[in-house]
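# Per-entry structural report
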Amino acid sequence: MIDEFPAEAAAIVQRHIEEEHGYLSWLNTRVDAIERGRLVMTIPYDEKLTNTVSPPTIHGGIAATLIDTAGGIALRTMLDDPLTGGVATINLNVNYLRRASGDLTAVAEVIRAGGSVGVSTITVVSTDPKEDSNVARRQSPSSDWDDAVATGQGAYRLFRD
C-alpha cells in the first residue's frame, strides 16, 4: 500500500458518487475530501428530505445514509485496489444527538482496516450553507465539532482482491 490515496482513484470515486450512483446522486451527495483512511461527504439541504414538522428538519435516515456510506468509502481507500475491492456493511450504529435543519456533512475516519473486517467512526454535522465560516470547519477533525447532529460507527466486510 502507498501512503497517499491516488488522485485518479479519488476522481473516479467522486464522479461515481456525484454523477453515476442512483441513490447518492439523487440526494445530490458531494465528496468534499478523500484521502487514505478519511472521507468528507455532504448532502445539501433539500425540502424533499425533511420531516413534516415546523420548522422542517432533515429526516434521520439521511444522516444514517451518510454514516454508512462515508464509513464504507473511507475503508475502501485502505484497500490495495480501491476500485476493484469491495466493502459491505456488517454492523452499523447511529446515535442521533439533535435535529438537523441544514446541509449534512459527514467526516469518516478509519479506526481499523484488518484482513477481512474494517471499522470506521463517523460524525455528521448540520451546517447552514449561507454561513461561510462553516465551509472551513468541514475540513477540521470531527471530534472538534460542537454542532454534531449524529455520530456512528460502522463495521464492514472487506473484499480484497
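Here we summarise the structure given alongside this text. (Residues numbered from 1 in each chain as written. Predicted model: local features only at pLDDT ≥ 70, side-chain atom pairs only at ≥ 80, totals over all residues. Heavy atoms only, no water.)

Glancing now at the environment of T84. Inspection of the secondary structure puts T84 in the loop between helix 3 (60–76) and strand 3 (86–96). When the C-alpha atoms of T84 and R160 are compared, they prove to be 8.2 Å apart, with 76 residues separating the residues in sequence. At 3.0 Å, the side chain of T84 forms a polar contact with the side chain of D81. (Helix = DSSP H or I, 4+ residues; strand = E, 2+ residues; numbered from the N terminus. Polar contact = N/O pair within 3.5 Å; in protein donor to acceptor, adjacent residues only side chain to side chain.)

On to the environment of E4, then. Note that E4 resides in the segment before helix 1 (7–20). A sequence separation of 73 residues divides E4 from T77, and the C-alpha atoms of the two residues are 9.4 Å apart.

Residues I34, L39, M41, L104 and V124 are the most contacted members of the largest nonpolar core, which totals 29 residues. Of all the secondary-structure elements, those providing two or more residues to this core are helix 1, strand 1 (30–35), strand 2 (38–43), helix 3, strand 4 (103–113), strand 5 (117–127) and strand 6 (148–159). Considering every element that reaches this core, the biggest residue donor is helix 3, with seven residues. Leave out the neighbours within four places in its chain, and M41 touches I17, T29, R30, V31, D32, L66, T69, A70, I73, L104, T105 and A106. (Core = buried A, V, L, I, M, F, W, Y, C linked by side-chain atoms within 4.5 Å. Buried < 20%, exposed > 50% of the residue type's maximum accessible area, 1.4 Å probe, protein only. Contact = heavy atoms within 4.5 Å.)

Read across the open sheet, the six strands follow the order 1-2-4-5-6-3; overall the sheet is antiparallel. The open sheet has two edge strands with one neighbour each: strand 1 and strand 3. On average, adjacent strands in this sheet sit at an angle of 20 degrees to one another, irrespective of strand direction. Strand direction decides the pairing type here: strand 4 and strand 5, joined by ten bridges, are antiparallel. Bridge pairing links R112 to V119 in strand 5. Sheet contacts for helix 1: strand 1 and strand 2; angle to strand 1, the most-contacted strand, approximately 155 degrees. Where helix 3 meets the sheet, it contacts strand 1, strand 2, strand 3, strand 4, strand 5 and strand 6, and its direction lies at approximately 140 degrees from that of strand 3. (Pairing = 2+ DSSP bridges. Axes fitted to C-alpha atoms, helices over the stretch in contact; angles between N-to-C directions.)

Below, the discussion takes up the pattern of salt bridges. Applying the stated criterion across every chain yields a total of five salt bridges. A salt bridge links D46 to K48, with the shortest nitrogen-to-oxygen separation between them at 3.7 Å. Using a relative accessible area of 23% as the deciding quantity, one classes D46 as partly exposed. With relative accessibility at 41%, the residue K48 sits in the partly exposed group. If you follow the salt bridges from partner to partner, you end up with E35, R38 and E109 in one network. (Salt bridge = Lys/Arg side-chain N within 4 Å of Asp/Glu carboxyl O.)

With that out of the way, let us pick up the pairing of strand 1. When strand 1 meets strand 2, the two strands line up antiparallel, connected through five bridges. Its bridge partner lying in strand 2, E35 is registered against R38. In this antiparallel pair of consecutive strands, strand 1 and strand 2, the connection spans two residues, and G37 shows a positive phi of 85 degrees.

What follows covers unusual backbone geometry. The omega angle of the peptide bond from S54 to P55 is -5 degrees, so this bond is cis rather than trans. With respect to the helices, strands and loops of the structure, P55 is situated in the loop between strand 2 and helix 3. One non-glycine residue, N28, adopts positive backbone phi at about 60 degrees. Here N28 shows up in the loop between helix 2 (22–26) and strand 1.

What follows deals with helix 1. With 14 residues, helix 1 extends 19 Å from end C-alpha to end C-alpha; this agrees with the ideal 20 Å at 1.5 Å per step. Taken as a whole, helix 1 has its buried residues at A9, A10, V13 and I17. Each buried residue of helix 1 sits inside an arc of 105 degrees when the element is viewed along its axis, so together they form one side. Structural note: helix 1 exposes A7, E8 and E19 on the side pointing more than 90 degrees away from its buried face. Turning to helix 1, the residues buried within the fold contact helix 2, strand 1, strand 2 and helix 3. (Expected span 1.5 Å × (residues − 1). Arc of directions from axis to C-beta.)

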